[in-house]
Structures are given as structure tokens and as C-alpha cells.
Amino acid sequence: MTALALRGWLLAEVPKSKAQARCQRVFISWLAFKRNPVAVIGLLIITSLVLVALLAPWITASDALELDLSGRLQPPGSEHWLGTDELGRDILDRIIWGSRITLYIVGLVSIIVVPIGLLIGVMAGYIGGWVDTVLMRLTDIFLAFPRLILAMALVAALGPGLENAVLAIALTTWSPFARIARAEALTIRNSDFILAARMQGVSTAGILARHVAPLCMSSVIVRLTLDMAGIILTAAGLGFLGLGAQPPTPEWGAMISLGRQYLIDQWWVPTMPGIAILVVSLGFNLLGDGLRDVFDPKSGG
Amino acid sequence: MSNSSLLRVEDLHVTYHTPTGPVQAVKGVSFDLGREKLGIVGESGSGKSQTGRAILGLTAPGGEVRAKRLEFDGTDLLNADTRTMRRIRGGGISMIMQDPKYSLNPVMTVGKQIEEAFLVHSKDSKREARRRTLEMLRAVKIREPERVYKAYPHEVSGGMGQRIMIAMMMIPEPSIIIADEPTSALDVTVQLQVLAVLDDMISERGMGLIFISHDLNLIASFCDRILIMYGGQVMEECRAADLAQASHPYTRGLLDCLPRLDGTREELAVLRRDPAWLEARGESV
Amino acid sequence: MIDIRDLDVVFGHGKQAFHAVRQVSLAVEAGQSFGLVGESGSGKTTVLRALAGLLDRVATVSGVMTVADETLQEQRSKSFRRRVQMVFQDPYGSLHPRHTVDTIMSEPARVHRLDRIEERVVSALEEVGLDASFRFRYPHQISGGQRQRVSVARALITDPDIVLLDEPTSALDVSVQAEVLNLLMRLKREHGLTYVLVSHNLAVVAHMCETLSVMQNGEIVETMSVQQLREHSSTMPYTQQLLTASLGYDRAAIDAFEEFGQ
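Computed from a predicted structure; not experimentally measured.

A. Broad picture of the packing of helix α7 (residues 147-158) of chain A against helix α10 (residues 204-240) of chain A. Residue and element names in this part refer to chain A. Two elements in contact, α7 and α10, have axes separated by 11 Å at closest approach and are oriented at 45°. If you check the angle between α7 and α10, you find them oblique. The chirality of how α7 crosses α10 is right-handed. Judged by residue contacts, Arg-147, Leu-148 and Ala-151 of α7 engage Asp-227, Gly-230, Ile-231, Thr-234 and Leu-238 from α10.

Next up, the structure:
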């Protein structure tokens, strides 16, 4: 299908199938999103992150694990664009490999947190009563823990490691999503279209899955992108404390941690990974803002 | 009815510039308003509300207002500066909107809001403002003005809320009131009671009223003259008493498609829209 | 067909209990159009929702309701949900904003495991005067009148016997209202439906129904035939006042209005 034909299909007056209708909606949302330059920058940053992670084996000079003690703590230059760290490893390469870990963390946390938060939130909001009370108290409990403390406690119990760090982060991140989903569900539950669904005899599970949850998705996704920065920083923090990824894994937080003693004289060692974290967090924030503007229900997004 | 016009509108246009092209909400509307009750009736999208807002300079951002003449009591409204407009809004021309739930400030007491409306247009003392406010609440037939004075908007009923709106909009003693669907959110008996209050005040003070609504029957029974709008233009203008003899097919269509208490239970006549009605009519009635 | 005896609906408990419907009884015969008229707060919509079984978690409902010889329990049966459908007031709120017209209309068919779903959807759309091109549009892409038609089409999918209409045209322009009312009349004739119509508009009720009950403050003030309504032969002052008010603005008549308060 040529580009022109595709565009025609996407902008057709009368969609001929559900799939076409869906694609059209996504396309129109994309056009709205594109109008916000800042949001597009955010998208570009994240897309770059993904590309860098995917292409890591081809764009790095080394696997960033080899030691080269004679070449340690080299400043940024022609051979090592971002310099080398305390064990002589190229920092740029380590950052590139580390992007995979960042994505891994972010992806895994999202997959755990969104379904759990949605499920608990819509159940609490729609069903109400004691179900709501119990689920919300459960949410409050998890909300009360400062992320890092709970993470530390979990890691102390389970042992340090990336997966345990991810689990710890997920456990402290899901609560706000449940709250958001619950708030949306509360707003929606007395809508006429929900009453209409009940009138048709749709089961509670059906209503939650097909009617309530889809309307909560936008808020949850926006919140997720805005929270990404926090997730990355927490992972970095755990790495910094030595509780996350273990050496020699090039996780950005761990890189800052191990490099902090060189901050004064060899500033590039902790600073470069720090900048990477900054840029990615910013990217997610901008993307999240852009998505929030697009997901206004009146634009049909 | 005096001969002098309070408001003169000639060839009013309101255009919105949207990403998909310009949208003409009002296309060449003209009318004069004296000390009378003028009704503007139309369906949604007819441009009736936009007309009301354009007069007061309240068109939403993105909208462009043009007219050959837009004059209130000799003052040109189109090119008036901010100071003049502020003086006119409330003091010369006032507006009552549909739902008091949204047009009254929920965090201020009723009394305070009305006083504020008064003090904006006069340099009197607070005590005088309070006295006038209570007087106004009595004038709109509110039985316990002291109690309502201290109440918050959410504590009063819809009908009372609209009467409070009327009090608030009348207190700066404007010459014209523009009422945009002022009773659509109310029950039918309350609607009529609120309109009676409005009617009395307008007659007593010799004011002009522009009553915007979708309810043809109500406008026909309440107003003196009627403008029927469709597609941003005036289709027909007639005296309320002569509505049954209206000649424009759109007006006839509207009249015929209404279910009537004394009607048969036959199929209602369906309005057939003629695209010719949308064509620009240039200078209208 | 429909029999309601001593219906009581209370929202909330204890001190904050609000008695929305008090001892309402009415009967609707098969093939009839029954009107429930009242102002806001009269309880007319609550009666309809109680009948529809939509109040189970928000109010205490007591009384006996029978539909087609089936006494209604707290949980409505599957067969009830197939034979009783409802059209809501707000065309903008009664269709799920993220579902296409096709999804919206297929849902009742799926829930009741009906066959030939696609055929039913297309034929229901045709019956309400919308062609198949509407199938995959979203609610925000169609007009208010068209949405109401979709609402009506959805109600027809399960081939119901009874359709409950909650102010079906109040939110529509007058010209669109006429089309929708005509549509409802035609469908009633063609499918032999029974209607219960709730409205604050006496003219609409007079046009659509044979019998009506006037409600005020949760109670039925009077039940009468539309003929009696037209002849102004009501004996109740509230009904008379409502009738007078429906005729338009009459300054003298308004002075005579009474407050029929709580």
C-alpha cells in the first residue's frame, strides 16, 4: 500500500471495519500529538533510547566489560568519546549497554504495575462497598512506604540483584495507579453507558474489562510515563546503594555509585551516566505531558 | 414601546478560524432593539448564543467579530476600548446565562456576589451595597432575603439561583439584558415564575430584553418580537402575536414539527432542510 | 404486562435517607404506551430505573413488580434483560465513547448468545434509518440525533417486548425530536412493543401515550387517560397547574401558581 493510499485509508470518512476505525483513531491522535513540539522531542528521546538499546552490539566498540587498567580514567577524547572509567572501560559503550538495562527495568516494572494497579483500582472504584475499603487500605499500606526503604528491605530479604530491585520498585509503584484507576472508575460508574451495559445483562467482569478499564487506560498511561523518571531514578538509587544491578553490569546508577569518588578530578566518570539518566527521565516526562494533552476525551483519543 | 433604539446591530458576522478552515457562526445578522422583549429562537448551531455573546464582546478566543454597525445607546461596541466595554458590561448591557450552578461563584455567598456586582459600577459604600442587595433580593420575589443573602449558591434551588442571577445582573441598572436560555435548566412551573419576575422588572424599568432560546412556544408567549435563526442567519422576523402566520418554510417547519397537547397522534411533520436557506442572504431583514 | 405495586425507593440510610418514591402503583398493558410525567425530583426516573433493576446497589427498593407474569427479584433474570430494554436521555452519555457503533450494538447480542450478530446489527441500523456506513464510527463522530437512533437500535437487537424510555428526546433539537418520536411510534407499531415513557414534557407524553400518571414528590398524584388530559378534566390542582404551565407564558396565570412543596 503506497503512502498516499495509506493516508487516504486513515482519513476515510467511512471506516469499513473495526480495525480501520481503530487505526483511524490512533492516526488522528498521532496528528494531534505531533502538533506539540516538546512532546515530539520526548518521543524522539525515548525512541532513541530504544534504538540505542536494540543496536547496542553494532554501535559499541567493545562489550564494555573488558578491563584495561592502563587506560583508566582517561578524559573524553577522540578515542573514548566520553572517557574511560576506573577500570579502563569506555564509558560511552557502558552507557549504551546500560540503556538495555534501563529499558529492561522500565519495561518489567510497567508490565507488573499497570495490570495490578488497573485491576485493583477499577474493582475498588466500580464495585465499591467493602471491596473498595479493603482494596484501598491495601493500597494505602503500599503507598505509605518510602520507595527506597521498602526496596532496601526487600533486597535485604531477597538478596541484591536486578530482578529483586525491579520487584521492589514495582511493589512501591503500583499504588498510585490503583488510585487513579479508582478515581476514574468512580466517575464513570454512574454514566448512562454503564447503566446501558447493565441493562443488557453484561456481567460485572465484562463491564470492568470492556467498559471501565479502557477509559482508565489514558490516565494510567500518562501517569506511567510521568512516573518513569521516578522509576529510573529509584533503580539508579538502588544501584547507587549497591542493591540493584551488581558489578560489572553497566547499570547507570551503579556507574554513578562506583564513580562518585572520582567526581572532583575525573568528573566524567559519574557525570556521564548521570546525564544519561537526566536525558531519559526528561524524555519520559515530555512524552507523558504530550500524551496527556492528546488523551483529552473530547478529541476522541 | 419607545421609538428610539437601545441597540443597533447591522450585518454582524462571527467567524472562528479552526485548523480545518473558517467556521461562520453568525453570518450577517441585523436587528434593532428598543424597550421591548425580543426573542431569538433557533436550534443548536443556529448562532443565537454567538450573537448574544458578540454584542457583549464575549466571543471566545479564536473568534472574529465584524459588523457594519454594533451600537449601544450611541456608543460603538465594535471598536470600544477595554475601559468602555467594562463599563458597559453590567452597567449598560447585562447577561443572564443558563445554569446558575455554573454562573454563580460557588465559594462566595450570594450577598457578597451581588454586592460585588453593584460596587463594580458605583462608588457607593458597602452599607449602601448591602441595602441595595437586600432590596434587589426582595424585588426578585425571594421570600427570606436575609437568609439567602448569607447562603452559598449550592444551598439554593435552581429557580432561586436564577432569580439571584437576575438580581445580580439588574443591580447595576443596565438598559438591556441578554438572557441566554435562562430557564432551560428549570422545571416548567419554576420557569414561568422566574420569567414573570424578569418580565415585571423589565417593564418597571423600561429596559430592553434579548431572550435567546430554543423553545419556540415559550418565546412566542413571552416576547414581543421574534427572530428565527438558522445556520447563522436570520430566517424570519415577526411579532410574537403573528407567529402562527409565519411564512418562511423553516419557521413553518419548526412550528409544524412540535408535538401538541391538543394535537392528533399522527406522525409529526418532519422539517425538511433546504440547503438554499444556508446561502448568504447579504443584508438581512 | 407490567404491574407495579407499592413501590418504595429510599436512597441512603438513617438520618440522610431520602424517600425518592413512595407507594407507587401502576399497571401497563401489553402494546400500550404509558407515560410518567413530573417535574425534576418527582421520582419518575427513579421509578423507571427501579423497574429496570438498575438501583440494586444504590437504593433500597421495596414493593412488588411483575413483568410478563414474572415477579422481579433483586437480580434480574437473563430473560428479563432480553425482553426489557431502555433508551436513555443523554445521547452523549449513553454510548461508550471508545466503542464503535458496531461494538455497542453487538454487545447485547453477544451477551444473550444470539446468532447472526452482524445481520442483526445491520438490520437494526436500517430500521432506525441509519445505513451500514455508521457501523464503525465512534459516538463523537455522529450527531446527537444519530446517537439517539443508535441507542434505539441497540434496544431493538434482542427483540424486546418492552422498551423503557427515559426522556428520550429532551436533549435533542425540536426538529430532531420529531424524527425520533416518529421513529419510536413506527417501531412500536411494527414490533408490537410496550413503552413506558418518562418525560417532563406534557405535549410529548400526550402525543406518544394513551395513559399517563402524574408524579410529584415521589408519589403519583393522578393517573388518567391522555384523552382526559386533553379535555382538562383533571381534578387535581397540581395536574391543572402543570397543564397551564405547559401552554406557555401567561402572566396572569402565573400569579395563581401555588407552591406544591415538600
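Moving on from the coordinates now.
B. Focus on the interface of chain B and chain C. With 32 residues of chain B at the interface, the matching set in chain C holds 33 residues. Three residues stand out in chain B for area buried against chain C, namely B:Leu192, B:Leu261 and B:Arg265, and they jointly supply 27% of the buried area on that side. Where chain B meets chain C, there are 1 salt bridge. One salt bridge in this structure joins B:Asp200 and C:Arg251, with 2.5 Å as the shortest N-O distance. In this assembly, chain B and chain C are joined by 10 residue pairs in polar contact (both at pLDDT 80 or more). When residues of the side of chain B that touches chain C are traced back to their parent elements, those giving at least two are α8 (188-205) and α9 (216-222) of chain B.

C. Representation of the sheet that holds strand β8 (residues 194-199) of chain C. Residue and element names in this part refer to chain C. Here we have 6 strands laid out as an open sheet, ordered β6-β7-β8-β3-β9-β10, and mixed in their pairing. The open sheet has two edge strands with one neighbour each: β6 (84-87) and β10 (219-225). Direction aside, the axes of adjacent strands within the sheet are offset by 15° on average. Pairing between strand β7 (residues 162-166) and β8: 5 bridges, direction parallel. In the strand pairing of β8, Asp-166 is matched with Val-198. Seen against the sheet, helix α9 (residues 237-246) touches β3 (33-38), β9 (211-216) and β10 and runs at an angle of roughly 105° to β9.

D. Expanded view of the packing of helix α8 (residues 162-188) of chain A against α10(A). Residue and element names in this part refer to chain A. Where α8 contacts α10, the two axes come as close as 9 Å, and the packing angle between them is 155°. Considered as vectors, α8 and α10 are oriented roughly antiparallel to each other. You can see that α8 and α10 cross each other, and the crossing is right-handed. Here Ala-165, Ile-169, Thr-173, Pro-176, Phe-177, Ile-180, Ala-181, Glu-184, Ala-185 and Ile-188 of α8 come into contact with α10, specifically with Val-212, Leu-215, Cys-216, Ser-219, Val-220, Arg-223, Leu-224, Asp-227, Ile-231, Thr-234, Ala-235 and Leu-238.

E. Here's a closer look at the side chain of C:Lys44. Residues and elements named next belong to chain C. One can find Lys-44 in helix α1 (residues 44-52). A relative accessible area of 6% places Lys-44 in the buried class. Those residues in contact with Lys-44 that lie beyond four places of it in its chain are Leu-36, Val-37, Gly-38, Glu-39, Glu-167, Val-198, Ser-199, His-200 and Met-215.

F. Structural context of helix α3 (residues 101-111) of chain C. Within α3(C), 9 of the 11 residues are buried, which leaves the element mostly enclosed by the surrounding structure. Residues of α3(C) that are buried include every one of C:Val101, C:Asp102, C:Ile104, C:Met105, C:Ser106, C:Glu107, C:Pro108, C:Ala109 and C:Val111, and no others. Turning to α3(C), the residues buried within the fold contact α9 (192-200) and α10 of chain A together with α2 (78-83), α4 (117-127) and α5 (144-156) of chain C. At the C-terminal side of α3(C), C:Arg113 shows a positive phi close to 50°.

G. A look at the packing of aromatic side chains. The tally for this structure, following the rule as stated, stands at 8 aromatic pairs over all chains. Relative to A:Trp174, the ring of A:Phe142 lies with its centre 5.5 Å away and its plane at 55°, an arrangement referred to as tilted. Taken together, the residues A:Phe142 in helix α6 (residues 129-144) and A:Trp174 in helix α8 connect sequence positions 32 residues apart. The class of A:Phe142 is partly exposed, set by a relative accessible area of 22%. Accessibility expressed as a relative area gives 4% for A:Trp174, which makes it buried. Between B:Tyr230 and B:Tyr250, the aromatic rings sit 4.6 Å apart at their centres with planes inclined by 35°, giving tilted as the arrangement. Of this pair, B:Tyr230 sits in strand β10 (residues 225-230) while B:Tyr250 sits in helix α10 (residues 249-256), placing them 20 residues apart in sequence. Across the pair, exposure class does not vary: B:Tyr230 and B:Tyr250 are buried alike. These aromatic residues form a ring-pair network of at least three members: B:Phe211, B:Phe222 and C:Tyr249. Between B:Lys37 and the ring centre of B:Phe222, over which it is positioned, the NZ or CZ distance is 5.2 Å.

H. Inspection of a nonpolar patch on the surface at higher detail. Residues and elements named next belong to chain A. A grouping of Val-50, Leu-51, Leu-54, Leu-55, Trp-58 and Ile-59 is seen on the molecular surface, where their side chains present a nonpolar patch of about 610 Å² in accessible area. Those elements that provide at least two residues to the nonpolar patch are α3 (37-54) and α4 (56-59). Counting residues per element, the nonpolar patch draws most heavily on α3, which supplies 3 residues.

I. Structural context of the sheet that holds strand β5 (residues 70-71) of chain C. Residue and element names in this part refer to chain C. Read across the open sheet, the 4 strands follow the order β2-β1-β4-β5; overall the sheet is antiparallel. Unpaired on one side and paired on the other, β2 (18-28) and β5 mark the two borders of the sheet. The sheet contact formed by strand β4 (residues 59-67) and β5 spans 2 bridges and is antiparallel. Of the residues in β5, the one forming a bridge with Thr-66 is Thr-71. Packed on one face of the sheet, α1 meets β1 (2-11), β2 and β4 and runs near 110° to β1.

J. Quick peek at the state of the cysteines. All names here are of chain B. A full pass over the atoms with the stated rule returns 0 disulfides over all chains. Cys-257 takes part in no disulfide bond, and the closest cysteine sulfur, belonging to Cys-238, lies 16 Å away. With a relative accessible area of 1%, Cys-257 lands in the buried category.

K. Here's a closer look at the interface of chain A and chain C. Taken together, the contacts link 28 residues of chain A with 35 residues of chain C. The contact between chain A and chain C buries some 2800 Å² in all, and 54% of this surface belongs to carbon and sulfur atoms. Contact with chain C buries surface across chain A, with A:Arg198, A:Met199 and A:Gln200 losing the most and accounting together for 28% of the total. For the pair chain A and chain C, the interface holds 3 salt bridges. Here C:Asp56 and A:Arg198 are joined by a salt bridge, their closest N and O atoms 2.9 Å apart. Summed over the shared surface of chain A and chain C, the number is 13 residue pairs in polar contact (both at pLDDT 80 or more). Of all the secondary-structure elements, those providing two or more residues to the side of chain A that touches chain C are α2 (18-34), α5 (91-127), α9 and α10 of chain A. With 7 residues, the top contributor of residues to the side of chain A that touches chain C is α9(A).

Cut-offs used in this document
Residues numbered from 1 in each chain as written. Chains lettered and ligands numbered in written order. Predicted model: local features only at pLDDT ≥ 70, side-chain atom pairs only at ≥ 80, totals over all residues. Heavy atoms only, no water. Axes fitted to C-alpha atoms, helices over the stretch in contact; angles between N-to-C directions. Helix = DSSP H or I, 4+ residues; strand = E, 2+ residues; numbered from the N terminus. Parallel < 35°, antiparallel > 145°, perpendicular 65-115°, else oblique. Left-handed = near helix turned anticlockwise from the far one by under 90°. Contact = heavy atoms within 4.5 Å. Buried area = accessible area lost by both parts, 1.4 Å probe. Salt bridge = Lys/Arg side-chain N within 4 Å of Asp/Glu carboxyl O. Polar contact = N/O pair within 3.5 Å; in protein donor to acceptor, adjacent residues only side chain to side chain. Pairing = 2+ DSSP bridges. Buried < 20%, exposed > 50% of the residue type's maximum accessible area, 1.4 Å probe, protein only. Phe/Tyr/Trp six-rings, centres within 6.5 Å; stacked < 30°, edge-to-face > 60°. Lys NZ or Arg CZ within 6 Å of the ring centre and 35° of its normal. Patch = residues over 30% accessible without salt bridge, like charges linked within 9 Å, V, L, I, M, F, W, Y side chains within 5 Å. Areas by Shrake-Rupley, 256 points an atom, 1.4 Å probe, with all protein chains shown as cover. Disulfide = S-S within 2.5 Å.

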